[in-house]
Amino acid sequence: DKAEIAVRGSLGATVQLHDWWKTHLFRLSWLVLLITFSQCRAPSSECIKNIKTARNGGATISGREAFEIITLDSTVEILSLVIMSFLAAFLSKSNGKFTDAFYMCPTVLIPLLVFLYFQNKTMGCTELLQEVDPIDRPFPVPLIFHTIVTLSYWFMSTQVESRKQDVLSVLELRKTLEAKVEERKKMK
């Protein structure tokens, strides 16, 4: 009985610890979402500035063309924002699993984010102006956060399953010991 109580207590403590950790990851997701939003604003602001400079220099860029140029230059940041929104929604669930759509969507989008980032490491629509030095695009924070969430959830699920297996082992041991005691009683 003491072994079962200890193992069940360990399972309860592990589940409680992981619930706290999930709560902290959710809170952290809001901070990362704000950072991602801030990163999303930077290339569009720089691009607008370069479009205005190009227009002052005599270039004819319509509003629609400007919108397309800004959107294309901000693709990495927009995708980062989408990924972080999905991750925040995933973390808001109390029992999120790797098969959840809110986890699967950003996981599928991560390779695209990596590809787009390495294809376009500068920002600001610098192709419009010859004399403008390119500005380095910041590394997408959601990529790091997705890795942290994945490793954390994997570790948490592994630990909970291990504690559940411990409980089953203790119950199995109890049954085996009770069967042995019954056999000895029958032998006497």
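Higher on the page you've got the structure.
Presented here is an overview of the structure given in this document. (Residues numbered from 1 in each chain as written. Predicted model: local features only at pLDDT ≥ 70, side-chain atom pairs only at ≥ 80, totals over all residues. Heavy atoms only, no water.)

Description of the overall build of the protein
Thought 1: For the protein, the count of helices and strands is five helices and two strands.
Thought 2: Listed N to C, the secondary structure of the protein is α-α-α-α-β-β-α in terms of helices and strands.
Thought 3: For a compact globule of 188 residues, the expected C-alpha radius of gyration is about 16 Å, and the protein comes in at 27 Å, more than 25% above that figure.
Thought 4: Projected onto its principal axes, the C-alpha coordinates of the protein cover approximately 105 × 25 × 25 Å.
Thought 5: Long-range pairs, those at least 24 residues apart, make up 74% of the contacts in the protein between residues at least 6 apart in sequence.
Thought 6: Summed over its atoms, the accessible surface of the protein is roughly 12,000 Å², and 64% of this surface lies on carbon and sulfur atoms.
Thought 7: Between the mean site of the 22 positive side-chain charges and the mean site of the 19 negative ones, the protein shows a separation of 11 Å. (Helix = DSSP H or I, 4+ residues; strand = E, 2+ residues; numbered from the N terminus. Rg over C-alpha atoms; globule rule 2.2 N^0.38 Å. Contact = heavy atoms within 4.5 Å. Areas by Shrake-Rupley, 256 points an atom, 1.4 Å probe, with all protein chains shown as cover. Lys, Arg positive; Asp, Glu negative; His and termini not counted. Charge placed at Lys NZ, Arg CZ, Asp CG, Glu CD.)

What to know about the environment of Ala3
Thought 1: By the secondary structure assignment, Ala3 is in helix H1 (residues 2-56).
Thought 2: For Ala3 and Phe102, which are 99 residues apart along the polypeptide, the C-alpha to C-alpha distance reads 39 Å.

Re helix H2 (residues 63-73)
Note that an α-helix has 3.6 residues per turn; residues three or four places apart therefore point the same way.
Thought 1: Ala66, Ile70 and Asp73 are the residues of H2 that are buried. In a view along the axis of H2, the buried residues occupy a sector of 70 degrees, so they form one face of it. Turned more than 90 degrees away from the buried face of H2, the exposed residues are Arg64, Phe67 and Leu72.
Thought 2: Those residues of H2 hidden inside the fold are in contact with H1, helix H3 (75-92) and strand E1 (122-123). (Buried < 20%, exposed > 50% of the residue type's maximum accessible area, 1.4 Å probe, protein only. Arc of directions from axis to C-beta.)

Thoughts on a nonpolar patch on the surface
Thought 1: Taken together, the side chains of Phe118, Phe139, Ile144 and Ile148 present a nonpolar region at the surface, about 370 Å² in accessible area.
Thought 2: Note on placement: Phe139 falls in the loop between strand E2 (135-136) and helix H5 (141-187).
Thought 3: Under the relative-accessibility criterion, Phe139 is labelled partly exposed at 36%. (Patch = residues over 30% accessible without salt bridge, like charges linked within 9 Å, V, L, I, M, F, W, Y side chains within 5 Å. Salt bridge = Lys/Arg side-chain N within 4 Å of Asp/Glu carboxyl O.)

Let's talk about the packing of aromatic side chains
Thought 1: Counted under the stated rule, the structure contains seven aromatic pairs.
Thought 2: Seen in terms of ring centroids, Phe90 and Tyr153 are 4.9 Å apart; in terms of plane orientation they differ by 45 degrees. Their pairing is tilted. Of this pair, Phe90 sits in helix H3 while Tyr153 sits in helix H5, and the two are 63 residues apart along the sequence.
Thought 3: Centroid distance Phe98 to Tyr103: 5.0 Å. Interplanar angle 55 degrees. Geometry classified as tilted.
Thought 4: Relative accessible area serves as the criterion here: at 29%, Phe98 is assigned to the partly exposed category.
Thought 5: Taking relative accessible area as the criterion, Tyr103 reaches 6% and is therefore assigned buried.
Thought 6: Taken together through their ring pairs, the aromatic side chains of Phe90, Phe98, Tyr103 and Tyr153 make up a single cluster. (Phe/Tyr/Trp six-rings, centres within 6.5 Å; stacked < 30°, edge-to-face > 60°.)

Things to note about the layout of surface pockets
Thought 1: Taken as a whole, the largest pocket encloses approximately 310 Å³ of empty space.
Thought 2: Considering the residues around the largest pocket, the lining is formed by 13 residues, among which Lys22, Gly96, Lys97, Ser157 and Val160 are closest to the centre.
Thought 3: Secondary structure elements with two or more residues in the lining of the largest pocket: H1 and H5.
Thought 4: Take the lining of the largest pocket: its biggest share by element is five residues, from H5.
Thought 5: Class assignment of the residues belonging to the lining of the largest pocket gives a composition of five nonpolar, four polar and four charged. (1 Å grid on protein atoms, 1.4 Å probe; cavity = no way out; pocket = protein on both sides within 12 Å on 5 of 7 lines; lining within 4 Å. Points joined across faces, edges and corners; volume = space filled by probe spheres on them. Nonpolar A, V, L, I, M, F, W, Y, C, P; charged D, E, K, R; others polar.)

Section: the pattern of salt bridges
Thought 1: Under the defined criterion, the tally for this structure stands at seven salt bridges.
Thought 2: Taking the shortest distance from any N to any O, the salt bridge between Arg64 and Glu68 comes out at 3.4 Å. Here Glu68 and Arg64 lie together in helix H2, a separation of four residues that amounts to about one turn.
Thought 3: For Glu68, a relative accessible area of 38% puts it in the partly exposed group.
Thought 4: One salt-bridge network, in which partners are shared between bridges, spans Asp73, Glu77 and Arg137.

Don't take any of this as a statement about function, it's just geometry.
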